[in-house]
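# Coordinate analysis (summary)
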Amino acid sequence: MKRTGHGERDRQGRRLTAAGLGGAALALITAFVVEARPPLRQAEPSSPGLQRPVAASPASAEPAPRTAADRLNGRKQISWRRSRAIGTHAAGRLERGVLLPAEGRRWVSWDPILKRRPSRQWRRWGTDRLLRTTLNAIRAFARHYPRAPRVAIGDLSRPHGGDFGPQFGSIGHASHQNGLDVDVYYPRIDHHVRPPARPGQVDLRLAQDLVDRFVAAGAEKVFVGPSLGLGGPAGVVVPLANHDNHLHARLPL
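Residues numbered from 1 in each chain as written. Predicted model: local features only at pLDDT ≥ 70, side-chain atom pairs only at ≥ 80, totals over all residues. Heavy atoms only, no water.

In this section: the pattern of salt bridges. Enumeration over the complete set of coordinates arrives at 8 salt bridges. Residue E95 is joined to R84 by a salt bridge in which the shortest nitrogen-to-oxygen separation is 3.3 Å. Pair noted here: E95 is in strand β2 (residues 92-95) and R84 is in strand β1 (residues 84-87), with a separation of 11 residues, a long-range link. Between R120 and D111 there is a salt bridge, with the nearest N and O atoms lying 2.7 Å from each other. Under the relative-accessibility criterion, R120 is labelled partly exposed at 24%. Residues joined in a network through salt bridges with shared partners are R84, R93 and E95. (Salt bridge = Lys/Arg side-chain N within 4 Å of Asp/Glu carboxyl O. Helix = DSSP H or I, 4+ residues; strand = E, 2+ residues; numbered from the N terminus. Buried < 20%, exposed > 50% of the residue type's maximum accessible area, 1.4 Å probe, protein only.)

For strand β7 (residues 181-185), the tally of buried residues reaches 5 of 5 residues, placing the bulk of the element in the interior. A two-sided burial pattern is seen for β7, the buried positions comprising D181, D183 and Y185 on one face and V182 and V184 on the other.

If a probe the size of a water molecule is rolled over the atoms, the empty space left behind becomes visible. One pass over the structure, following the stated rule, counts 1 cavity of 30 Å³ or more. Of the voids in this model, the largest cavity is the one considered here, and its volume is about 60 Å³. Forming the walls of the largest cavity are P149, R150, V151, A152, Y185, Y186, P187, R188, H192, V193 and R194. Residues belonging to the lining of the largest cavity are distributed by class as follows: 7 nonpolar, 1 polar and 3 charged. (1 Å grid on protein atoms, 1.4 Å probe; cavity = no way out; pocket = protein on both sides within 12 Å on 5 of 7 lines; lining within 4 Å. Points joined across faces, edges and corners; volume = space filled by probe spheres on them. Nonpolar A, V, L, I, M, F, W, Y, C, P; charged D, E, K, R; others polar.)

For the rest of this paragraph, the subject is the nonpolar core. Nonpolar side chains in soluble globular proteins generally cluster together in the buried interior. Ranked by size, the top nonpolar core spans 33 residues in total, and within it V182, Y186, F214, V222 and L247 carry the most contacts. Taken together, the elements giving at least two residues each to this core come down to α3 (128-144), β6 (151-153), β7, α4 (204-216), β8 (221-224) and β10 (246-250). (Core = buried A, V, L, I, M, F, W, Y, C linked by side-chain atoms within 4.5 Å.)

With that out of the way, let us pick up the packing of aromatic side chains. In the structure shown here, the tally under the stated rule is 4 aromatic pairs. Considering the side-chain rings of W122 and F164, the 6.2 Å spacing of their centres and the 40° angle between planes classify their relative orientation as tilted. One end of the pair, W122, is in the loop between β4 (107-109) and β5 (125-126); the other, F164, is in the loop between β6 and β7, and 42 residues separate them in sequence. With a relative accessible area of 0%, F164 lands in the buried category. Residues F164 and F168 carry aromatic rings whose centres are separated by 5.9 Å and whose planes lie at 90° to one another, so their mutual orientation is edge-to-face. (Phe/Tyr/Trp six-rings, centres within 6.5 Å; stacked < 30°, edge-to-face > 60°.)

On to unusual backbone geometry, then. With omega at 0°, the peptide bond leading from R117 into P118 counts as cis. Residue H191 is not a glycine yet carries a positive backbone phi of 65°. The partly exposed category is assigned to H191, whose relative accessible area is 39%. Unlike most non-glycine residues, N242 shows phi in positive territory, near 70°. Assessed through its relative accessible area of 57%, N242 is described here as exposed.

Take the packing of α3 against α4 next. Between α3 and α4, the shortest axis-to-axis distance is 10 Å and the interhelical angle comes to 140°. Classed by the angle they form, the pair α3 and α4 counts as oblique. In this structure, α3 crosses over α4, and the sense of that crossing is right-handed. Touching T134, A137, A140, F141 and H144 of α3 are L206, D209, L210, R213 and F214, all from α4. Partitioned by chemical class, the residues of the contact of α3 with α4 number 6 nonpolar, 2 polar and 2 charged. (Axes fitted to C-alpha atoms, helices over the stretch in contact; angles between N-to-C directions. Parallel < 35°, antiparallel > 145°, perpendicular 65-115°, else oblique. Left-handed = near helix turned anticlockwise from the far one by under 90°. Contact = heavy atoms within 4.5 Å.)

This part covers the layout of surface pockets. By volume, the largest pocket amounts to about 690 Å³. In terms of lining, the largest pocket is formed by 29 residues, of which the most central are P112, I171, N242, N245 and H246. Looking at the lining of the largest pocket, the elements that each hand over two or more residues are β7 and β10.

Pasting the structure below:
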């Protein structure tokens, strides 16, 4: 067997050391290059519930075109359905009521307790007949007076009707229980879209026009403020205390 001298062993050691250093250097360079590369983008999760929100572009932020129903009823289209008014206006309930949206192009809802717009959702339910009658009257009014302010609509009924007394906000309502009553605030002479604070702020010409339109639409009663001098058919248009800032239209059963 051939013996290897010390010199040969030294040369072999140097070769192995160089090879080892070369491999380590190559590994280090490779690691640096890999780290320097941007990480591969992972695919978005396929589950809709796990997808990340995507910021809307200016183009996608534009509102969708409105339908004819939207133009009448506001940005939120009304979900029409056949409703039932059960019992009387002062002792009744509402089945399958229809929600009046918070606002429309020609009207806004007004919360008489919080004194703000829009009104809380649970205060603006009625029968489909009441909503159609109210919105049709306001649409006709706005066409006749295109420069008039938007009309403020107050309380209708609760989602299922029933008691709407002082516990729901002073002074409450003795009626508004079966989805056939609605409060509509008189337009103001200063065109502010909020209820008049006193009789002198009421635009009497526009207020009388609204009263006339609800009478023509078949209202059983239209309660009006005793300080305003508004008129109409006897027994239908009735002056009543606490109505100097709004009319109260009631449809028959």
